[in-house]
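Chain by chain, the residues run as shown.
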Amino acid sequence: MDKILKEGRDVFVQEHFKELNLSNEKISTKEFDDCTFIGCNFSEATFYRCKFTECTFKNCNLSMVKVKSSAFFDVVFEESKVIGVNWTEAAWPTIKLSCPLKFYQCILNDSSFMGLSIREIIMIECKAHDIDLREADCTEADFGHTDFTNGLFNKTQLNKANFREATNYNINIFSNELKQAKFTLPEATNLLRSLDIEIDD
């Protein structure tokens, strides 16, 4: 059994984990502080009441991972699959702080952040197909170069958000807040879809 699952060991500090295979395993009440996970497989695993602080996941598979009552603080995901994760099940602070999650070059398809305060969240160069950001507070988020094919935006706070070089987003300008948000052409013409107008090439 991997040392993460061994009885009597609940706290891990500044440890490096490489190529772990904990697919479908349940990891309960563990704390990870300044730990690094490289090439690990957590697909369909369950993190139950765990705490991750200043950790990094690189080239990991976290597809369909369950994050029930788990807390994340300044956690970075790089070049990882984080598909189908319901982030609403995690333990979020009651005070609206900057988002504790950062995603770089990740696949985030079918994940849900619905209704969450994820101010200043970073999703750079990600694939975020069918992601659910309805009613989320994404103020000052950085979505640069991310593909939002079929992403859901409704009553989403996107003030000062960065969509430069982002693609395939469909954002209704009347049902979302977009003050001082940043976009680039030609993709920004997608914002005109919510207007009852015709545009000729």
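Just above, that's the structure.
Residues numbered from 1 in each chain as written. Predicted model: local features only at pLDDT ≥ 70, side-chain atom pairs only at ≥ 80, totals over all residues. Heavy atoms only, no water.

Thoughts on the sheet that holds strand 2 (residues 16-18)
Inference 1: With parallel pairing, the 6 strands of this open sheet are ordered in space as 2-5-8-10-11-12. Because the sheet does not close on itself, it has two edges, and the strands there are strand 2 and strand 12 (122-124). Averaged over all neighbouring strand pairs, the angle between strand axes comes to 10 degrees, with direction disregarded.
Inference 2: Of the pairings in the sheet, the one linking strand 8 (residues 56-58) to strand 10 (residues 75-78) comprises 3 bridges and is parallel in character. Counterpart to Phe-57 in the pairing with strand 10 is Phe-77. (Pairing = 2+ DSSP bridges. Helix = DSSP H or I, 4+ residues; strand = E, 2+ residues; numbered from the N terminus. Axes fitted to C-alpha atoms, helices over the stretch in contact; angles between N-to-C directions.)

Quick look at the packing of aromatic side chains
Inference 1: What the rule picks out here adds up to 29 aromatic pairs.
Inference 2: With a centroid separation of 5.2 Å and an interplanar angle of 85 degrees, the aromatic rings of Phe-143 and Phe-148 are classed as edge-to-face. The same class applies to Phe-143 as to Phe-148, namely buried.
Inference 3: Between the NZ or CZ atom of Lys-26 and the centre of the ring of Tyr-48, over which it lies, the distance is 4.9 Å. (Phe/Tyr/Trp six-rings, centres within 6.5 Å; stacked < 30°, edge-to-face > 60°. Buried < 20%, exposed > 50% of the residue type's maximum accessible area, 1.4 Å probe, protein only. Lys NZ or Arg CZ within 6 Å of the ring centre and 35° of its normal.)

Details of the sheet that holds strand 7 (residues 51-53)
Inference 1: Pairing is parallel across the open sheet formed by 4 strands, whose spatial order is 1-4-7-9. Each edge of the open sheet carries a strand with a single partner, namely strand 1 (11-13) and strand 9 (71-73). Taking the axes of each pair of neighbouring strands and ignoring which way they run, one obtains an average angle of 5 degrees across the sheet.
Inference 2: Where strand 4 (residues 31-33) and strand 7 come together, 3 bridges link them in parallel fashion. Residue pairing across strands places Glu-31 opposite Lys-51, the latter belonging to strand 7.

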